[in-house]
There are 2 protein chains.
Amino acid sequence: MSTSSHSYPMSSGDDQHSYNNNSSYQKAGIDGIGEKTRQCILKHFDLLNLNSNLSTLRIADFGCATGPNTFHIVENIIDSVKSTHVKENNVVPLEFQVFFNDQPNNDFSTLFRTQSPSSEREYFSAGVPGSFYDRVLPRNSIHIGHTSYTTHWLSKVPEHVCDKKSLAWNKNYIQCNNLLEEVTRAYQVQFKKDMKVFVEARAEEIVPGGLMIVLGQCLLDGVPLFKTWQGIVVDMIGDCLMDMAKEGLTSEEKIELFSFPVYFPQFTELEKEIEQHKSFTIEMMEIVRHPLEDTPLSNKVVISMFRAILYTIIKEHFGEDVVNEVFDRFAKKLAQNPIDFNECEKNVNYFMLLKRK
Amino acid sequence: MSTSSHSYPMSSGDDQHSYNNNSSYQKAGIDGIGEKTRQCILKHFDLLNLNSNLSTLRIADFGCATGPNTFHIVENIIDSVKSTHVKENNVVPLEFQVFFNDQPNNDFSTLFRTQSPSSEREYFSAGVPGSFYDRVLPRNSIHIGHTSYTTHWLSKVPEHVCDKKSLAWNKNYIQCNNLLEEVTRAYQVQFKKDMKVFVEARAEEIVPGGLMIVLGQCLLDGVPLFKTWQGIVVDMIGDCLMDMAKEGLTSEEKIELFSFPVYFPQFTELEKEIEQHKSFTIEMMEIVRHPLEDTPLSNKVVISMFRAILYTIIKEHFGEDVVNEVFDRFAKKLAQNPIDFNECEKNVNYFMLLKRK
């Protein structure tokens, strides 16, 4: 696997395997913080202080994928702004413009095709192609930014983890599961770099007084990924690949040179990282309950969810035949070794509200 | 054919039949007005007068299709603004944001995939899905708008031309070729409605002092479409459909209920229409020479160009088999009856510069 910057969008289209139809877990998480987001906007967003002549309020969703979650998010933000500030302060009727950002190879066609028609929307829609680990919007152009379940995707696979000569070579795993200290350290370095770029880019794009709302997944302090059910699932997918290599359906070397560009920081580690950047104040940062966290997921849901997320990246490295086979095998392995959700640790959800100084 | 509003984007993708690879005639026209556009911006666009605190200059291309023409256009506009106003007046470095607008079913994926990477671009890119016969952008948000070869596409097929009981029924033709007065009148009514909506929407979106640059095709006063080579080409495609109906490959009734939502106004008719709308001044309106207008086009170019433009709309009404067959037949008919470009009248190109009052 190349360690250069690359993007692996969520599965495109809107068929049975698409992210569009397999993001209900993410949706539940997003719905779960709907009211919190609303309260944050009421408390921390002061429209009149921003600009008394404001006629367009600009919102951006960074890493929007193909919908429909992104639509719920921005509609909630717009409702929150409208129902309070606009009415109470009787300012000029605001227009809303929403920037849906994701990688250039994200399936924007499905995004545009599946959003409500303009006559039923309260906002003007724009798609913004580009990695959010870079500037994607003009300076001081966004009033409220949002991102959910995105920043665990690094901009690239960390250096060394696919280097056979490195101590950080992630030989036997396809993810940073925290079993190997050197590997974890390599991922941490990349995570810090990326987080710095992310925060600095958003600091330029968001107006002073503007908000950045972040929903994501992290680990509780002291919990390694390999003990969480999400970590177990991905290690299990890695085992399926290994089984296939033994049967000659792919090669061990291919697996040894493959590692997901995904890193889940521990809560305090994330907090420290954000605190370093002086352009935002952290108005709120807390662990939030995922509405489904006590509901054991069916194998079917687990398979569909991880297939929608990981299909593109596995396909690009191993080819189309392997990716289909690996998810078939994963389904069988999961049926034979069901996950005991009560016994596992969890990736937890965090909610963070940043305010641009 | 339904007369309700509908969109027929240029052929998607970037294969041999795509608009992306078959829009060189349009490109030549656009290149031909590059210097004129530049001069217009120098003379009529006063950045400092717009807003002394301006930090982002916003440009929109309405009806951008899939590229690459739209990229050349916006780069020329940006260069013009940069090389003059910015340098001379020494203002804060401007950032540019470009809104690429087209119908939601336009192939934005190809647009985003084929544009230069952000590191090589001088602007932030955004795709805006929606018909330009409606608002697609916030009030007062655009400094320079542009559209080329778009407004001859009406928002829908005019009422009555597909109504068997109407005097305006366009029974034997698939376009408004100006042979039937009642049909022409029906198209004129729709054209006026659409032009009104187009100008009014742009008037809201463009800031006072902002520019709207329009490149399009029209007819010289007194010249009917059926005498131009473009009109002859489309009538010939209609004849091919009729031949196919006689052989049972499609039905005559289908043809009788089909008419392109395209209208080419005469120059003075267009001018009058624009003058009525008081929100813009017409700074310039003139016939411009198309660089290829004295070069007889090869049959191959004619076929590819019209295939890229008309493929989607013919396919939607007649089906995929018919559209492929009809272009095969058109190629043969054209080989047997080559167009005498010297004998034909021409659709001419016009250039129009509007300034928002």
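Everything quoted here is computed from the prediction, not taken from an experiment. Throughout this document, residue positions are counted from 1 along each chain, in the order its sequence is written. Think of it this way: whatever chain is written first is A, whatever ligand is written first is 1, and the rest follow in order. Note on the predicted model: pLDDT of at least 70 is required for a residue's local features to be given, and 80 or more for side-chain atom pairs to be given and counted; whole-chain, interface and lining totals, by contrast, use all residues. To obtain the side-chain values, all non-hydrogen atoms of the structure were included, while hydrogens and water were left out.

(A) Spatial organisation of the overall build of chain A. A tally of regular secondary structure across chain A gives 11 helices and seven strands. Atoms counted for the radius of gyration: C-alpha only. Globule rule: 2.2 Å times the number of residues to the power 0.38. For a compact globule of 357 residues, the expected C-alpha radius of gyration is about 21 Å, and chain A comes in at 21 Å, within 12% of that figure. In terms of principal-axis extent, the alpha carbons of chain A reach across some 70 × 40 × 35 Å. When a residue's accessible area, from a 1.4 Å probe over protein chains only, is under 20% of the maximum for its type it is buried; when over 50% it is exposed; and in between it is partly exposed. Burial status across chain A gives 59% buried among its 357 residues. Contacts are assigned to residue pairs with any non-hydrogen atoms lying within 4.5 Å of each other. Of all intrachain contacts in chain A linking residues separated by at least 6 positions in sequence, the fraction that spans at least 24 positions is 84%. Methods summary: accessible areas were calculated by the Shrake-Rupley approach with a probe of 1.4 Å, and residue burial reflects only the protein chains presented. Carbon and sulfur atoms make up 47% of the accessible area of chain A, which totals about 14,500 Å². When charges are counted, Lys and Arg are positive and Asp and Glu negative, with His and the chain ends excluded. Where a charge lies is defined by one atom per residue type, namely NZ (Lys), CZ (Arg), CG (Asp) and CD (Glu). Positive and negative charge centroids in chain A, built from 36 and 47 side chains respectively, lie 3 Å apart. The helix and strand labels rest on DSSP assignments: H or I over at least four residues marks a helix, E over at least two residues marks a strand, and numbering proceeds from the N terminus.

(B) The arrangement of the pairing of strand β4 (residues 142-148) of chain B in detail. Residues and elements named next belong to chain B. The element β4 is extensively covered by neighbouring structure, given that seven of its seven residues are classed as buried. At least two DSSP bridges between two strands are required for those strands to pair. Relative to strand β5 (residues 206-219), β4 runs parallel, the two sharing six bridges. Residue pairing in the sheet places G145 in a bridge with M212 of β5. Orient the strands so they point away from the viewer; a crossover is then right-handed if the path from the first strand over the helix to the second runs clockwise. With helix α6 (residues 181-205) bridging β4 and its parallel neighbour β5, the resulting β-α-β unit is right-handed.

(C) Just the packing of helix α6 (residues 181-205) of chain A against helix α9 (residues 267-275) of chain A, in detail. All names here are of chain A. Fitted lines through C-alpha atoms give the axes, limited to the stretch in contact for helices. The angle between two N-to-C directions lies from 0 to 180 degrees. Contact geometry for α6 and α9: axes closest at 10 Å, N-to-C directions at 45°. The angle between the axes of α6 and α9 places the two elements in the oblique class. Viewed along their axes, α6 and α9 form a crossing whose handedness is right-handed. Seen from α6, the contacting residues are Q188, F191, K192, M195 and V199; seen from α9, they are E269, L270, E273 and I274. All amino acids are sorted into three groups, where Ala, Val, Leu, Ile, Met, Phe, Trp, Tyr, Cys and Pro are nonpolar, Asp, Glu, Lys and Arg are charged, and the leftover types, Gly among them, are polar. Its residues assigned to classes, the contact of α6 with α9 comprises five nonpolar, one polar and three charged. Just so you know how the angles are binned, under 35 degrees is roughly parallel, over 145 roughly antiparallel, 65 to 115 roughly perpendicular, and the rest oblique. Put simply, a crossing is left-handed when the front helix is turned counterclockwise from the back one by less than a right angle, and right-handed when it is turned clockwise.

(D) Highlighting the nonpolar core. Buried Ala, Val, Leu, Ile, Met, Phe, Trp, Tyr and Cys residues form a nonpolar core when they are joined through side-chain atoms within 4.5 Å. Judged by nonpolar contacts, the single largest core of 76 residues is most densely connected at F99, L137 and M212 of chain A together with F99, L137 and M212 of chain B. Counting 68 residues, the second-largest nonpolar core is a separate cluster that includes F108 and L211 of chain A together with Y149 and L211 of chain B.

(E) How the structure looks around the interface of chain B and chain A. Counting residues at the interface gives 26 residues for chain B and 26 residues for chain A. Here's the idea: put two parts together, see how much 1.4 Å probe accessible area each one loses, and the total over both is what we call buried area. Here chain B packs against chain A, burying approximately 2,200 Å² in sum over the two surfaces, 50% of which is carbon and sulfur. Three residues, F112, F124 and R139 of chain B, lead the burial of chain B against chain A; their summed loss comes to 25% of the area buried on that side. Residues E95 of chain A and R139 of chain B are paired through a salt bridge, measuring 3.0 Å at the closest nitrogen-oxygen approach. Think of a polar contact as two N or O atoms within 3.5 Å of one another; within protein, one of them needs to be a possible hydrogen donor and the other a possible acceptor, and neighboring residues in sequence only count if both atoms come from side chains. On inspection of chain B and its partner chain A, the count reaches eight residue pairs in polar contact (both at pLDDT 80 or more). Mapped by element, the contributors of at least two residues to the side of chain B that touches chain A are β1 (56-62), β2 (95-102), α5 (108-114) and β3 (123-129) of chain B. Tallied by class, the residues present in the side of chain B that touches chain A amount to 12 nonpolar, nine polar and five charged. For this document, the term salt bridge refers to a Lys or Arg side-chain nitrogen within 4 Å of an Asp or Glu carboxyl oxygen.

(F) Broad picture of the packing of aromatic side chains. Within 6.5 Å between ring centres, the rings of Phe, Tyr and Trp (the latter by its six-membered ring) count as paired, and their orientation is classed by plane angle as stacked under 30 degrees, edge-to-face over 60, tilted in between. Applying the stated rule across the entire model yields 30 aromatic pairs over all chains. Judged by centre distance (5.3 Å) and plane angle (90°), the ring pair of F132 of chain B and F198 of chain B falls under edge-to-face. Of this pair, F132 of chain B sits in the loop between β3 and β4 while F198 of chain B sits in helix α6, placing them 66 residues apart in sequence. No difference in accessibility class separates F132 of chain B from F198 of chain B, as the two residues are buried. Taken together, the ring pairs in this structure connect F62, F132, Y133 and F198 of chain A into an aromatic cluster. A cation over a ring is seen here: R121 of chain B above Y123 of chain B, with NZ or CZ 5.5 Å from the ring centre. Geometrically, a lysine NZ or arginine CZ counts as sitting over a ring once it is within 6 Å of the ring centre and also within 35 degrees of the ring normal. Seen from the ring of F62 of chain B, R202 of chain B lies directly overhead, with NZ or CZ sitting 4.2 Å from the centre.

(G) Structural detail: the relation of the copies chain B and chain A. For the pair chain B and chain A, the superposition axis carries a translation of 0.0 Å, the fit reaches an RMSD of 0.0 Å, and the rotation angle comes to 180°. The superposition of one copy onto the other is thereby described by a two-fold rotation axis. Proximity to the rotation axis, assessed at the C-alpha, singles out G127 of chain B in chain B; its C-alpha lies 2.4 Å from the axis. By residue overlap, the copies meet face to face through one surface: 100% of the interface positions of chain B are interface positions in chain A. Our superposition of the copies is a least-squares fit, built on the C-alpha atoms of residues whose pLDDT is at least 70 in both.

(H) A look at unusual backbone geometry. Residues and elements named next belong to chain A. Of note in the backbone geometry, H160 takes a positive phi value of approximately 80° without being a glycine. One can find H160 in the loop between β4 (142-148) and α6. The residue N178 is not glycine, and still its phi comes out positive at about 70°. Relative to the assigned elements, N178 resides in the loop between β4 and α6.

(I) Main features of the confidence of the model for chain A. Counting all residues, the mean pLDDT for chain A is 89, and 91% of those residues have values of 70 or more. What the predictor reports for the complex is a pTM of 0.91 with an ipTM of 0.89. The pLDDT score gives, residue by residue, the confidence of the prediction method on a 0 to 100 scale.

(J) Examining the environment of K193 of chain B more closely. Looking at where K193 of chain B falls in the secondary structure, it is placed in helix α6. On a C-alpha basis, the gap between K193 of chain B and E273 of chain B in space is 9.9 Å, while along the polypeptide they are 80 residues apart.

(K) Representation of the pattern of salt bridges. With the rule as written, the count across this model stands at 34 salt bridges over all chains. Residues joined in a network through salt bridges with shared partners are E95 of chain A together with R135, R139, R202, E204 and E205 of chain B.

(L) Spotlight on helix α10 (residues 299-318) of chain B. Residues and elements named next belong to chain B. Residue count minus one, scaled by 1.5 Å, sets the expected span of a helix. Over its 20 residues, α10 runs only 24 Å from end to end, short of the ideal 28 Å by more than 12%, given 1.5 Å per residue. A residue's bend is simply the angle between two axes: one fitted to the seven residues ending at it, one to the seven starting at it. Maximum bend of α10: about 55°, positioned at L310. Counted residue by residue, α10 has 14 buried out of 20 residues, so it is predominantly covered. Residue G319 follows α10 closely and has a positive phi angle near 100°.

(M) The arrangement of the side chain of T70 of chain A in detail. All names here are of chain A. Note that T70 resides in helix α4 (residues 69-89). Assessed through its relative accessible area of 2%, T70 is described here as buried. Each residue touching T70, except ones within four places of it in the same chain, is listed here: D61, C64, F100 and L111.

(N) Summary view of the state of the cysteines. We call a pair of cysteine sulfur atoms a disulfide when they lie within 2.5 Å. For the coordinates displayed, the defined rule picks out zero disulfides over all chains. Of all cysteine sulfurs in the structure, the one in C218 of chain A sits closest to C40 of chain A, which takes part in no disulfide; the separation is 17 Å.

(O) Here's a closer look at the packing of helix α10 (residues 299-318) of chain A against helix α11 (residues 320-336) of chain A. All names here are of chain A. It is the contact of α10 with α11, at a shortest axis distance of 9 Å, that shows an interaxial angle of 150°. Between α10 and α11, the crossing angle belongs to the class labelled roughly antiparallel. Note that α10 runs across α11; the crossing there is right-handed. On the side of α10, the interface is formed by N299, V302, I303, F306, R307, L310, Y311, I314, K315 and F318, while α11 contributes E320, V322, V323, N324, F327, F330, A331, L334 and A335. Along the lines of polarity and charge, the residues of the contact of α10 with α11 split into 14 nonpolar, two polar and three charged.

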